[in-house]
Each structure stands twice: as structure tokens, then as C-alpha cells.
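Examining the three-dimensional arrangement
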Amino acid sequence: MPLCFLSSLKTPLTGIKPRRYQGYALRFLSLCLLVIFIASAHAVTYKINGVKQDKLKDNIRLHLNNLDVETELLNDPFWQDEVIATVATAVQPFGYYNSNATVEVTKDDEVVVTVSLSDPLLVSKVTREIIGVGREDSDFRSRFNAFSLKEGDVLNQPVYESFKSSMFNYALSHGYFDFYWQATRLDLVREEKEANILLIAQSGSRYNFGKLKFIGEDKAKAIIKRLTPFEEGEPYSSAKLSDFNRSLNQSGYFNRVIARPVVSDAEGLNVPIEISLAHRPRDAFDVSIGAATDTGPRVTLGWERPWVNDRGHSISSDIFISQPEQSVTADYRIPMQNITKDYISFEAGYQFIEYSNTSIESETLSLAAHRYFQEDHSPWQHDGSITYLRETYDQGETDNTTTSLILPGYSITYITKDNDLNINNGNYFQFLTQVGRDNLGSDINIVKSVMEGMVIRTFSDVHRFSIRGELGAIKTNDFSQVPTSLRFYAGGDQSIRGFDYREISPTEDVINPETGDTVTDAAIGGKYLATASVEYAYRIAQNWRIAAFTDAGTATNDLDTTLTYSVGSGFHWLSPIGPVRVYVARGFAPDEKTWQVHLMLGPEL
């Protein structure tokens, strides 16, 4: 509706006397009221009777709303004839060519249109033919024969028009770039209430993928060829070209890249694929700052060189700094056949941890080689690895303990989610196992296995449930030499809320070597782990949820240990950079009750 704004001025406009200004204002206000009256007068409400099909009724109302008429005028025979003609036009695409209608204006200014559809036109004959090589293409022929209107069906022109458009799009997406409709006709025999349909398609030749043409720098030529899901001379498919573009953009090598067919440059029936790209900078740096109740404030410094050589090798490094934990890691990657999912990784890392509630300090050096592989269109990722781990740690004793291990390992991970940040539905599962033998370079015999998973489901876009669980076990001939980084602990943001990070585990009375004091009940880590969590969240606004949860579990050396559990509530803020989750939890252990506030930033999966 038009809006008119009239501001009151404390002083008259230059050159206009106050009385004259008041006269202009009154005229302006009157004009605004007239415009508003005219606009509101056109708001005609139609009630459609005699029609049951929703699509048909919506189409009638859509056509009637385009009539520029006031309600009062619809008592006039001229305008009633206009409404009747408009209704007839609206129902014809659905096969009703002999309809009639009446118009009545009620005392409440509601316009009642009663429609009599009569019998529809039925399809009497459908003639279809393919000319060209598409006739020998079984997929093309099946798609062409899928035209849904058959003899005896009620004529539906939207179906007829939609088929012509969809067939044209199908032809282009499968390499029939010269496709056109040689003849299409819809013959209506109203007296006989019949319709005849003619569809003759000229498919033309089917084009093939041609050579790759690079626009700009071509140092990525070898990488791009390995990502190419088609061979030169293979029949063109827009689906394969879309997969190609997706792989290029997910490879991590380019700031911008697009591959498109250039039909005008075709050599015979081979269409070249033009690739326009812009490489990422030689070096990329990033800094991220965050906080969590487990670690307190934390800073991560990252560096990446995506192009070490023209074979696509890359290197990256991260420095993580928080009060209880500091680490430096480096990763050198060598892409294999499928660059984004199939690669070799060489990793090196140093980590220092000192959590006050465990009375344990550990210094860890690790070297690892991983072979990651994942089949196309599969959510399962496999990782075969071998890790050298050397850890020096103390548990408040006078002498430090150093353990060296060589650990072959394997893990399999399954993950699906509907959004990278704010997840409404997702699944996660991972199984990991590592083995060390004292006659194959390790100080002890050890087998460690961990299985964890999470399911997130949202119903009606309001009710959100998340279920999480984790199981782990260590089998060894000397648990005292198992490094603290391999032992199991529970408690904290991602485990059992209501307790400090790593607070739940077997404990011992140990001596602090710096003070000589005895530290009672210091957490030292366990052989077994079992945790579970159930959370319900309710969306109260567009970007806000309230939540309630319960967690339970333990980290222990004795399978008969009483479980620790917690209950709590909190809220989620769905921020532009990911969900911010805040909880208040009450923890219940066999010998204590605790309160904790937990803050988490980022997606669960």
C-alpha cells in the first residue's frame, strides 16, 4: 500500500508563506488519502466454488487477481463477463474448454465465483518420434518415452509444456547440443472433447568430451588431469562435469576454478573443456582465538603452503597454545589418485601437557605416516598408519618415566551431516585400533582400541536430539609404562559434563617433586573407558535453542566401577561462525557432587 509522509516544519519553506504552505499540505494529504483509497479498493476477495483441485483453484485465483477491478463494479454485466472469460482462460490448460461461471457479490463485499467445469478434453492420440542418433540411445529413448500423457488421460497442458522443456534440458546435459523440436502440436477438437498431441524431436549428433584447455597459469595441469572423471572421446555428461568442478573446488589448490564446455570450438564431435583458474597464494597464514572450560583461553597459529611442487604436494603446520597444553605439529601430504580423499600424510608433532587436576606432566614426540583413502561418493574414510611415540611423563614421583612405542594402526570413520556449521541431522562413527609389540621396537606389549559415535536428529525444525557414546580398552603387559597420552580419562566438555577435564579416572596419592607435598587422589588414567550422553534441545527463536542433557560413564581399571553421571541444562546460540553452546551441569560421583559451567564453540561433528 502506498505510504505518504508529512513532516511538520517549524519554519516555512523559503519563498512560501505559512498559509500557502498549509494549503499545499492539505492538498498533499488529500492526494495521499485518495491513493490509499484507490489501492484498497482494488483488494478484491474471491471465493471459488465448484472446483476441488487445488492447482486448478490456485490458477483461477491467480488469473482473477490480475483483473484491475473494484468490488463494486463486479455487479456490472460487463465486468461479470470479464470474470467469466478469465475463469475460462484459467481452466483451459487443465483440459476444461467448455466451462461456465457465475459471479455474485455478497453483502460483505465478498465475490463468490461458482464454476461449472463440464467434461474435460481427453487425449485421443499421442504421436511421438525421434529423428537422429538419439533414436539408438536407450537412455535418450527411455526419457523420451516417459511422456506421461497417454490416450484417455485428461489433457494437461502444463505437463505437455514441462515435458518439452525437460526433454530439451536432458538433451543438452547429455551432449545433444544440436537438439531441437522439429514439430510440436496440440490439436484441440472441442466438439468431440478430444485433443491430439504431436511431438517430433530432432536429436542431432551426440558430442563427446574433448581436450582440456587451460586459461591462465597451467602449473596445476598434472593435478587437474588426475581429478578428471572422464576421458577424451567419452560421451559428454553434465553430471560428470559437475563432479569435476566439485573436485576442483574441494582440492584446496585454487582460489577460483571453473570448467565449462566450449561448443563453438568443437573439433568434429569433441567439445573442449575450458578451465579458468586462479591458484591459491604460495603461503597462507591464519590465527584463531577461542576458549573452552577444558583448556581456558587458547590460540592457534597456522601456516600452509598448498603448492610445494607441480605434483600437488603440500605442507602445513600449526602451533597450539593454552595454559595446560602447548603443541607444534607439521603435516606433509602427497596426493594419490583422488587428491581430496586419497593421499599419504607424514606427520611430526611435539606436545607438552600439564593439567593441575591430574598432577601429571607429559612431554610427547611423535612421528607418523598415514595412508588415507575413501571411495567416491562414500562417507567411509579409511586410515592405515604407523606411529612412533616417545613420551616422558611423571606422576608426581621423583623419577620421570620414558616410554617408546612403534604402533601400527587402522581407523575407519563414517560421517554425514546436512551443514558444516549448524548441524540439524548428522551421523558420526569411528573405530581405531593400535598395536605395539616389545619385540618389534616397543618397550611394552600394548593393544588399544576405541569406538565412538554420535547421532543428531531434528524434527519439525524445532526438536533436536543428540546421542553420543564412546567405548575404549587397553590390553598390556605393563600398564605402569603406558604413556599418559594413551590412557583413558573422562570428564569435561566432550565427555561427562559437570566435571573437570580428565577428572574422572583411577587415582593415586603421589608426591609433587617440586614441593615434596603429597597430592591425594590424583587422576592417573585408566585401562577402560565408557561414556554416553543424551541431549534434547528446543528451538525458541531463529538462532536460539534451550537444552537439557544427562551424561554418564567412567574411566577405570575395574569394570565393576560405579558409573559417574551428571544432569544439566543450557542454551545454544547459532552464530555466523558456528554454534556457541553454554551449559550448567551438576555432577554426581560416588564420593562427591560438583557444579561446572561449560562453554563450547563450533559444530559437534
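Note: the structure precedes this text.
Residues numbered from 1 in each chain as written. Predicted model: local features only at pLDDT ≥ 70, side-chain atom pairs only at ≥ 80, totals over all residues. Heavy atoms only, no water.

Turning to the overall build of the protein chain, a few remarks are in order. Broken down by element type, the protein chain carries 7 helices and 27 strands. Going through the 605 residues of the protein chain one by one, you find that 40% of them count as buried. As displayed, the protein chain offers around 32,600 Å² of accessible surface, 53% of which is attributable to carbon and sulfur atoms. (Helix = DSSP H or I, 4+ residues; strand = E, 2+ residues; numbered from the N terminus. Buried < 20%, exposed > 50% of the residue type's maximum accessible area, 1.4 Å probe, protein only. Areas by Shrake-Rupley, 256 points an atom, 1.4 Å probe, with all protein chains shown as cover.)

Geometrically, a pair of aromatic rings is defined through the distance of the ring centres and the angle of the planes. In this structure the tally under the stated criterion is 27 aromatic pairs. When the ring of Phe-230 is compared with that of Phe-244, the centres are 5.5 Å apart and the planes differ by 85 degrees; the resulting orientation is edge-to-face. A residue pair is termed long-range when its members are at least 10 positions apart, and Phe-230 in the loop between α6 (221-227) and α7 (238-250) and Phe-244 in helix α7 qualify at 14 residues. Look at Phe-230 and you get buried, because its relative accessible area is 6%. By relative accessible area, which is 0% here, Phe-244 ends up buried. Taking the centre distance of 5.0 Å and the plane angle of 45 degrees together, the rings of Phe-465 and Tyr-536 count as tilted. Taken together, the positions of Phe-465 in strand β20 (residues 463-476) and Tyr-536 in strand β23 (residues 528-541) put the pair 71 residues apart, joining distant regions of the chain. Owing to a relative accessible area of 29%, Tyr-536 belongs among the partly exposed residues under this scheme. A network of ring pairs unites the aromatic residues Phe-140, Phe-144, Phe-147, Phe-163, Phe-168, Tyr-170, Tyr-176, Phe-179 and Trp-181 as a single cluster. Against the face of Phe-549 rests Arg-497, its NZ or CZ located 3.8 Å from the ring centre. (Phe/Tyr/Trp six-rings, centres within 6.5 Å; stacked < 30°, edge-to-face > 60°. Lys NZ or Arg CZ within 6 Å of the ring centre and 35° of its normal.)

We now examine a nonpolar patch on the surface. Together, Val-287, Ile-289, Leu-301, Ile-319, Ile-321, Val-328, Tyr-350 and Leu-365 line one region of the surface with nonpolar side chains, adding up to about 700 Å² of accessible area. Among the secondary structure elements, Tyr-350 is positioned in strand β14 (residues 343-355). Judged by relative accessible area, Tyr-350 falls into the partly exposed class, the value being 34%. (Patch = residues over 30% accessible without salt bridge, like charges linked within 9 Å, V, L, I, M, F, W, Y side chains within 5 Å. Salt bridge = Lys/Arg side-chain N within 4 Å of Asp/Glu carboxyl O.)

Counting through the fold element by element, Ala-585 comes out in strand β26 (residues 578-589). Looking at Ala-585, the relative accessible area reads 0%, which means it is buried. Along the sequence, Ala-585 and Ile-496 sit 89 residues apart, while their C-alpha atoms lie 9.4 Å from each other. Beyond its immediate stretch of four places on either side in the chain, Ala-585 contacts Arg-497, Gly-498, Phe-549, Val-567, Gly-568, Thr-594, Trp-595, Gln-596 and His-598. (Contact = heavy atoms within 4.5 Å.)

Moving on: the pairing of β23. Both β20 and β23 contribute to a ladder of 11 bridges, which runs antiparallel. Within β23, the residue paired with Ser-466 across the bridge is Glu-535. Relative to strand β24 (residues 544-556), β23 runs antiparallel, the two being bridged by 13 bridges. Across the sheet, Tyr-536 pairs through a bridge with Ala-548, a residue of β24. In textbook terms, the turn of a hairpin is the stretch between consecutive antiparallel strands, and for β23 and β24 this stretch comprises 2 residues. (Pairing = 2+ DSSP bridges.)

Let us now look at the pattern of salt bridges. Within the structure shown, the criterion is met by 16 salt bridges. Between Arg-371 and Asp-342 there is a salt bridge whose closest N-O contact spans 2.2 Å. Of this pair, Arg-371 sits in strand β15 (residues 360-373) while Asp-342 sits in the loop between β13 (325-335) and β14, placing them 29 residues apart in sequence. For Asp-342, a relative accessible area of 12% gives the class buried. The partner of Glu-604 in a salt bridge is Arg-464, and the shortest N-O contact between them spans 3.0 Å. Linking Glu-604 in the segment after β27 (592-601) with Arg-464 in strand β20, this pair joins segments that are 140 residues apart in sequence.

Here Gln-596 lies in strand β27. Within the structure, the side chain of Gln-596 is placed 2.8 Å from the side chain of Asp-500, a separation counted as a polar contact. With residues up to four places along the chain from it excluded, the contact list for Gln-596 reads Gly-498, Phe-499, Asp-500, Tyr-583, Val-584 and Ala-585. (Polar contact = N/O pair within 3.5 Å; in protein donor to acceptor, adjacent residues only side chain to side chain.)

This brings us to helix α5 (residues 157-173). Taking 1.5 Å per residue, 17 residues should reach 24 Å; α5 reaches 24 Å between its end C-alpha atoms and fits that length. Listed in full, the buried residues belonging to α5 are Gln-157, Tyr-160, Phe-163, Lys-164, Met-167, Tyr-170, Ala-171 and Ser-173. Those residues of α5 that are buried are in contact with α4 (138-144), β5 (180-189), β6 (194-204) and α7. Where α5 terminates, the next one or two residues include Gly-175, which has phi positive at roughly 90 degrees. (Expected span 1.5 Å × (residues − 1).)

Moving on to α7. Its 13 residues give α7 an end-to-end C-alpha distance of 18 Å, which sits within 8% of 18 Å, the value for a rise of 1.5 Å per residue. Residues of α7 that are buried: Leu-241, Phe-244, Asn-245 and Leu-248. Buried positions in α7, seen along its axis, are confined to an arc of 95 degrees and lie on one side of it. Tucked inside the fold, the buried residues of α7 contact β7 (208-215), α6, β8 (254-261) and β9 (270-279). Residue Gly-252 follows α7 closely and has a positive phi angle near 90 degrees. (Arc of directions from axis to C-beta.)

Quick look at the environment of Ala-90 now. Secondary-structure assignment places Ala-90 in helix α3 (residues 77-91). The sequence separation of Ala-90 and His-63 amounts to 27 residues, and the corresponding C-alpha distance is 6.4 Å. Look past the residues within four positions of Ala-90 in its chain and what remains in contact with it is Leu-56, Asn-59, Ile-60 and His-63.

Another aspect to go through is the sheet that holds β6. In spatial order, the strands read β4-β6-β5; together these 3 strands make up an open sheet with mixed pairing. Edge strands, defined here as strands with exactly one partner in the open sheet, are β4 (122-132) and β5. With strand direction ignored, the average angle separating the axes of adjacent strands in the sheet is 5 degrees. Across the sheet, α5 is in contact with β5 and β6; its angle to β5 comes to roughly 175 degrees. (Axes fitted to C-alpha atoms, helices over the stretch in contact; angles between N-to-C directions.)

Further remarks concern the sheet that holds β8. The mixed open sheet is built from 3 strands, whose spatial order is β7-β9-β8. Each edge of the sheet is formed by a strand with only one pairing partner; in this case those strands are β7 and β8. Averaged over all neighbouring strand pairs, the angle between strand axes comes to 20 degrees, with direction disregarded. Pairing geometry for β8 and β9, over 7 bridges, is antiparallel. What sits directly across from Phe-254, in β9, is His-279. Here α7 sits on the sheet and contacts β7, β8 and β9; the angle it forms with β8, its principal contact strand, is near 165 degrees.

Keep in mind that these numbers describe shape and distance, not what the molecule does.
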